[in-house]
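Architecture at a glance
Here is what each chain is made of, one letter per residue.
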Amino acid sequence: TVVSTQSTGSRLPNLVRPVRSLLGSRSGSTAVAPIVTSDSFKKSLLNINPTEVTRLDNGLMVCSEYIDTPTATVGMWINAGTRWENDHNNGVAHFLEHLVFKGTSNRSQHDLELEVENMGAHLNAYTSREQTVYYAKCFAKDVDRSMDILADILQNPKLDEGAIDREKHVILREAQEVETNLQEVIFDHLHALAYQGTPLSYNILGPTHNIKTMTRDMLQDYITKHYQPNQIYLSAAGGVDHAELVKLAEKHFGGMQNGAVTSDVEYSPARYTGSLMNYRDDAIGLAHVAIAVEGASWTNPDYFALMIANTLVGSWSRAQGGGKTMPSKLARKMYEQGKPQSYMSFNTCYKDTGLWGAYGVCERQDDAVRVFCDTIQGEWRRLFRAVSPGEVQRAKNMLKTMMLSQCDGTTAVCEDIGRQMLTYGRRIPLAEIDARIEAVTPAVLKRVMGEYVYDRDPVVIGLGSTEGLPEYGLMKNMMSSPLD
């Protein structure tokens, strides 16, 4: 069954609000070839255990999904990241993520590591531009102990001066390693160019100068401002009862108090700028190129349509083979041309903006980069003008498979709960996700490609042997060229 769309301009409500009308019976549409979805699949989406949510008195949100398994994953999703930094302290969120594992006022680093190992648990953390996450994967019977450790590292980090100095060298080495991964370098430059003059342009690790001059006061100030209970979601998945989890949250986090700022900490609005940067270095031997436009935010109702467009563009690597049998028309075309070594599409979302585009690696040939750029932009124009119903339906099926596979296991489910609670303020049921995906028709896709991609100012990054990278004016014109 497929949701019918009345016009190319029709929209669904944003993802913050549930769309109950999508979850009922739906009539077929003549816009897309109908696909038969088994009752067992629909029932399986509706029969998944619900995500239970409880708010503590101090504002901390406790969210969990019960899964019948002897293991569990529990973590803290914090509404803080690089976007809340400034020129002076850029890198502090990532630095702090490293330092909290170096000991607390109750546990030395050795005691912390030994306790985690003796439980057979796994303790980890990561920092992004809009989130900081600390989580533990453990046996269900050890959730209390794992939460005690998480509470300790978040509320009582030692922030020892000696540890700070040692960690500076560790992070500087990490920054050097990142610089050897040209894909990460490209995406850092892409953000720096697309969001120039705003915190979204910052590198997560921070510049070398900031890392070398990081102080205990800067770290403590960041904790005071951002590690407040009303900015934190405690997420859990696995063999853990929600009522028991709430009691443990009260026990370990109930004493946390909000500071002077009790509402959501404000962040600078995004400002997208279409532009081009070409850093030519023939010694690299390959050309790394990324082309993107401003996409949709997490909560934008066009999110799923752009995800389907992203799936249609697809990805391909010469190392994987199978070019002739790839479902993506663009992948088959890239294979036949033999110009790029690989390419992939991406759709990166934030609270109020996003980047939608493609990244490719081309060999050092006179016309390889030009042909790659022309082919990518030609495919974008095709999606606006002539995508078939069969292609859209195939992409919808592939997207559903991908999103369902990302909820396999306690860690994946815990991550999904934490991220969605931070971005939407709720966990979107799988049945609603399925309905929202099915609501995207070729007409909806045409509207979305017209609004976000066709004749829009791109942001372009070239790195390496990029002699053939077209000038920006030409690439801008190619976003709406009548020649395909």
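The paragraphs below set out a description of the structure included in this document. The structure presented is a predicted model; accordingly, all values stated were derived computationally and were not measured.

**Some thoughts on helix α10 (residues 303–313)**
- Counting buried positions over the 11 residues of α10 gives 11, a clear majority of the element.
- Listed as buried for α10 are Y303, F304, A305, L306, M307, I308, A309, N310, T311, L312 and V313.
- Looking one or two residues past α10, G314 carries a phi angle of roughly 75°, positive in sign.

**Some points on the pattern of salt bridges**
- Overall, the coordinates contain 32 salt bridges when judged by the stated rule.
- Connected through shared salt-bridge partners, E65, D416, R419 and R427 make up one network.

**Re the sheet that holds strand β4 (residues 122–127)**
- Taken in spatial order, the 6 strands of this open sheet run β1-β2-β6-β3-β5-β4, and their pairing is mixed. Among the strands making up the open sheet, the edge pair consists of β1 (52–55) and β4. Put simply, the sheet's adjacent strands are angled 15° from each other on average, direction ignored.
- In the sheet, strand β3 (residues 71–78) pairs with strand β5 (residues 132–139) via 8 bridges, with the strands oriented antiparallel. Note that in β5 the partner of T73 across the bridge is K137.

**Remarks on the environment of T273**
- Its place among the elements puts T273 in the loop between α9 (242–253) and β7 (276–280).
- With 78 residues separating them in the primary sequence, T273 and Y195 have C-alpha atoms 6.3 Å apart.
- Those residues in contact with T273, other than ones at most four positions away along the chain, are L193, A194, Q196 and V459.

**Some thoughts on empty space enclosed by the protein**
- What the rule picks out here adds up to 1 cavity of 30 Å³ or more.
- As a volume, the largest cavity reaches approximately 60 Å³.
- Lining the largest cavity, in full, are F41, L45, K400, M403, L404, L430, I433, D434 and I437.
- Considering each element in turn, the lining of the largest cavity owes the most residues, 4 residues, to helix α15 (residues 430–438).
- The residue inventory of the lining of the largest cavity, partitioned by class, reads 7 nonpolar, no polar and 2 charged.

**A word on the nonpolar core**
- Core analysis: the largest hydrophobic core is formed by 56 residues, its most contacted members being Y303, Y343, W356, I376, W380 and M449.
- No other element matches α10, which puts 9 residues into this core.
- When near neighbours in sequence (up to four residues on either side) are disregarded, I376 contacts I291, L330, M334, Y343 and A358.
- Formed by 51 residues, the second largest nonpolar core is a distinct cluster that contains L60, A72, L99 and L112.

**Observations concerning the environment of S108**
- Its place among the elements puts S108 in the loop between α2 (92–99) and α3 (109–119).
- In sequence terms S108 and K158 are 50 residues apart; their C-alpha atoms lie 8.8 Å from each other.

**Regarding the layout of surface pockets**
- The computed volume of the largest pocket comes to approximately 1,300 Å³.
- In this structure, the largest pocket is lined by 48 residues; those nearest its centre are W298, Y303, M307, N347 and Q406.
- No other element matches the 7 residues that helix α13 (residues 389–405) contributes to the lining of the largest pocket.

**Focus on the pairing of β3**
- Counting buried positions along β3 yields 7 of 8 residues, so the element is predominantly enclosed.
- As defined by bridge partners, β3 adjoins strand β6 (residues 232–238) across 7 bridges and the pair is classed as antiparallel. Bridge pairing in β6 places T73 opposite A237.

**A word on helix α5 (residues 161–180)**
- Taking 1.5 Å as the rise per residue, α5 with 20 residues should run 28 Å; its terminal C-alpha atoms sit 30 Å apart, in good agreement.
- Regarding α5, the residues found buried are A163, I164, E167, K168, I171, L172, A175 and V178.
- Its side-chain oxygen 3.0 Å from the backbone nitrogen of G162, D160 forms the N-cap of α5.

The rules behind these values
Residues numbered from 1 in each chain as written. Predicted model: local features only at pLDDT ≥ 70, side-chain atom pairs only at ≥ 80, totals over all residues. Heavy atoms only, no water. Buried < 20%, exposed > 50% of the residue type's maximum accessible area, 1.4 Å probe, protein only. Helix = DSSP H or I, 4+ residues; strand = E, 2+ residues; numbered from the N terminus. Salt bridge = Lys/Arg side-chain N within 4 Å of Asp/Glu carboxyl O. Pairing = 2+ DSSP bridges. Axes fitted to C-alpha atoms, helices over the stretch in contact; angles between N-to-C directions. Contact = heavy atoms within 4.5 Å. 1 Å grid on protein atoms, 1.4 Å probe; cavity = no way out; pocket = protein on both sides within 12 Å on 5 of 7 lines; lining within 4 Å. Points joined across faces, edges and corners; volume = space filled by probe spheres on them. Nonpolar A, V, L, I, M, F, W, Y, C, P; charged D, E, K, R; others polar. Core = buried A, V, L, I, M, F, W, Y, C linked by side-chain atoms within 4.5 Å. Expected span 1.5 Å × (residues − 1). Polar contact = N/O pair within 3.5 Å; in protein donor to acceptor, adjacent residues only side chain to side chain.

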